Amino acid sequence: MSIRPVKQITRAQPTVEGAGVRLDRAFGFGDPELADPFLLFDDFRNERPEDYRAGFPWHPHRGIETITYVLAGSVDHADSLGNAGSLDAGDVQWMTAGSGILHQEMPQGDQAGRMHGFQLWANLPSSQKMTQPRYQDVKAAEIPEIVDDDGTRVRVVVGEFWGKSGPVDGIAADPQYLDVWVPPGKRKVLPVDTYRSAFAYIFEGSGTFRDASRPLGVLLEKEVDGREVHLRDMSGDRTLVVFDSGDEVVVQAGENGIRFLLVSGKPIREPVAWHGPIVMNTRAELMQAFSELNAGTFIRESAKP
């Protein structure tokens, strides 16, 4: 067995998307090889309705899959295929945009005004970019949760883990998407397929991920006694950890425990032509998509309700 070394650790960056939603972006619109087949990961977490209520009004997608996981509040959604519904706390939606879809996502807070969710974009291989669009809406109760002897809890959204299978299936990247909680002070070894790209996103508690020899934290600039110094911050919250190759991930939980998403998938290793919510393989395909969008022919006849 080989421990996956930590290749990169970064802090998610505040940004504004949609019609004015304030969120933190762990990665996206940068190097598509960073976490291939995954292209973008956003953490939309707010306690003020004015920071999220404007939502993500009608917009197109083609050539990718979007994965929305809600932890607090809810997200109302509707699309050009006639689908409509609401994702509540603990629910997941895996949308295959394929040949093209128009949809909107409108966050709603809980009774205290809090909203928290994640959105991940997964690329589609060229052979599936123009496939039929589809949704997989999964309620919280359908997602299996495993509790290990040391108190570690894992929700298996997609893929197989510790003998349980997640309810989402038929995904091109054959991904594994886990919501992991490790109790305070515990060291945990988690298996990850050697041939998959893998990353962790920490959103609660504290801790470190370890390579074969040493812990790594986020390198931050801080002012100490009037001087700027570089420190390794082990707090973890809103931290992206990208792993190199290996078949195990090792995490050491801090005094408050640590909760993170552990996501892995098969790299596609194809050219990426990308602009906003449309991801194709060539610039010509990208230009065609926007030409169809402008002409009103973006939604294929086979995809219409």
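- Where an unreviewed UniProt entry is consulted, the protein chain appears under the name Pirin family protein, with the organism given as Nitratireductor arenosus.
- In its Sequence similarities (unreviewed entry) section, UniProt records this for the protein chain: "Belongs to the pirin family."

### Here's the deal with the sheet that holds strand β6 (residues 64–72)
- Sheet architecture is open: seven strands sit in the order β2-β3-β4-β11-β6-β9-β12, paired in antiparallel fashion. Two strands in the sheet have a free side with no partner beyond their single neighbour: β2 (13–17) and β12 (134–138). Strand-to-strand twist in this sheet, taken as the mean axis angle between neighbours without regard to direction, amounts to 20°.
- In this sheet, strand β9 (residues 92–96) lies alongside β6 in antiparallel orientation, the contact comprising five bridges.

### A short note on the layout of surface pockets
- Within this model, the largest pocket holds a volume of roughly 350 Å³.
- Per element, the largest residue contribution to the lining of the largest pocket is four residues, and it comes from strand β5 (residues 56–61).
- Split into classes, the residues belonging to the lining of the largest pocket amount to eleven nonpolar, six polar and four charged.
- Size it by volume and the second largest pocket reaches roughly 250 Å³.
- Around the second largest pocket sit 17 residues that line it, and K7, R196, S197, P267 and R269 are the ones nearest its centre.
- Here the residues of the lining of the second largest pocket sort into seven nonpolar, three polar and seven charged.

### Some details on the side chain of N46
- With respect to the secondary-structure elements, N46 resides in strand β4 (residues 38–46).
- Here the side chain of N46 touches R22 through a polar contact of 2.8 Å, landing on its backbone oxygen.
- When neighbours within four sequence positions are excluded, N46 is seen to be in contact with R22, D51, Y52, G113, R114 and M115.

### Concerning helix α1 (residues 283–295)
- The first and last C-alpha atoms of α1 sit 18 Å apart over 13 residues, in line with the 18 Å expected at 1.5 Å per residue.
- Taken residue by residue, α1 has L286, A289 and E292 as its buried positions. Looking straight down α1, one finds that the buried residues subtend no more than 125° of arc, so they occupy a single side. In this structure, α1 carries R283, A284, M287, N294 and A295 as exposed residues pointing more than 90 degrees from its buried face.
- Lining the buried residues of α1 we find β25 (273–275) and β26 (278–280).

### Describing the UniProt feature "binding site: Fe cation" (unreviewed entry) in the protein chain
- Residues given the UniProt feature "binding site: Fe cation" (unreviewed entry) here are H59, H61, H103 and E105. Separation in sequence by 47 residues is not matched in space for these annotated residues, since their most distant C-alpha atoms are only 12.6 Å apart. Lining residues of the largest pocket, restricted to the annotated ones just named, are H59, H61 and E105.
- Turning to its location among the elements, H103 is positioned in strand β10 (residues 101–108).
- Examined against the element boundaries, E105 turns out to sit in strand β10.
- With sequence-adjacent residues up to four places away left out, E105 is seen in contact with G55, F56, H59, T68, V75, D76 and Q119.

Quick notes on the rules
- As a convention, each chain's residues are numbered from 1 in the sequence order in which they are written.
- With the structure being a predicted model, the display of local features is reserved for residues of pLDDT at least 70 and the display and counting of side-chain atom pairs for 80 or more, all residues being used for whole-chain, interface and lining totals.
- Think of the side-chain values as coming from all heavy atoms in the structure, minus any hydrogens and water.
- UniProt positions are given in the numbering used here, feature names are shortened, and annotations may be inferred rather than shown by experiment.
- The rule for pairing is simple: two strands pair if DSSP sees at least two bridges between them.
- The way it works is that DSSP assigns letters per residue, a run of H or I at least four long becomes a helix, a run of E at least two long becomes a strand, and they are numbered from the N terminus.
- Fitting a line to C-alpha atoms yields each axis, with helices limited to the stretch in contact; the angle taken between N-to-C directions then spans 0 to 180 degrees.
- Cavities and pockets are defined on a 1 Å grid built over the protein atoms alone: a cavity is a set of grid points where a 1.4 Å probe fits but cannot escape, while a pocket is an open set with protein on both sides within 12 Å along at least five of seven lines, and lining residues are those with an atom within 4 Å of any such point.
- Grid points are joined across faces, edges and corners, and a volume is the space filled by probe spheres set on the points.
- Each residue is assigned to one of three groups, with Ala, Val, Leu, Ile, Met, Phe, Trp, Tyr, Cys and Pro labelled nonpolar, Asp, Glu, Lys and Arg labelled charged, and all others, Gly among them, labelled polar.
- N or O atoms within 3.5 Å of each other form a polar contact, as long as, within protein, one can give a hydrogen and the other can take it, and as long as residues adjacent in sequence are counted only when both atoms are side-chain atoms.
- Note on contacts: a residue pair qualifies if any of its non-hydrogen atoms lie within 4.5 Å across the two residues.
- Expected span of a helix, by definition, is 1.5 Å for each gap between consecutive residues, and there is one gap fewer than residues.
- Burial classes follow relative accessibility: with a 1.4 Å probe on protein chains only, a residue under 20% of its type's maximum area counts as buried, one over 50% as exposed, and anything between as partly exposed.
- The directions from the helix axis to the C-beta atoms are what the arc is built from.

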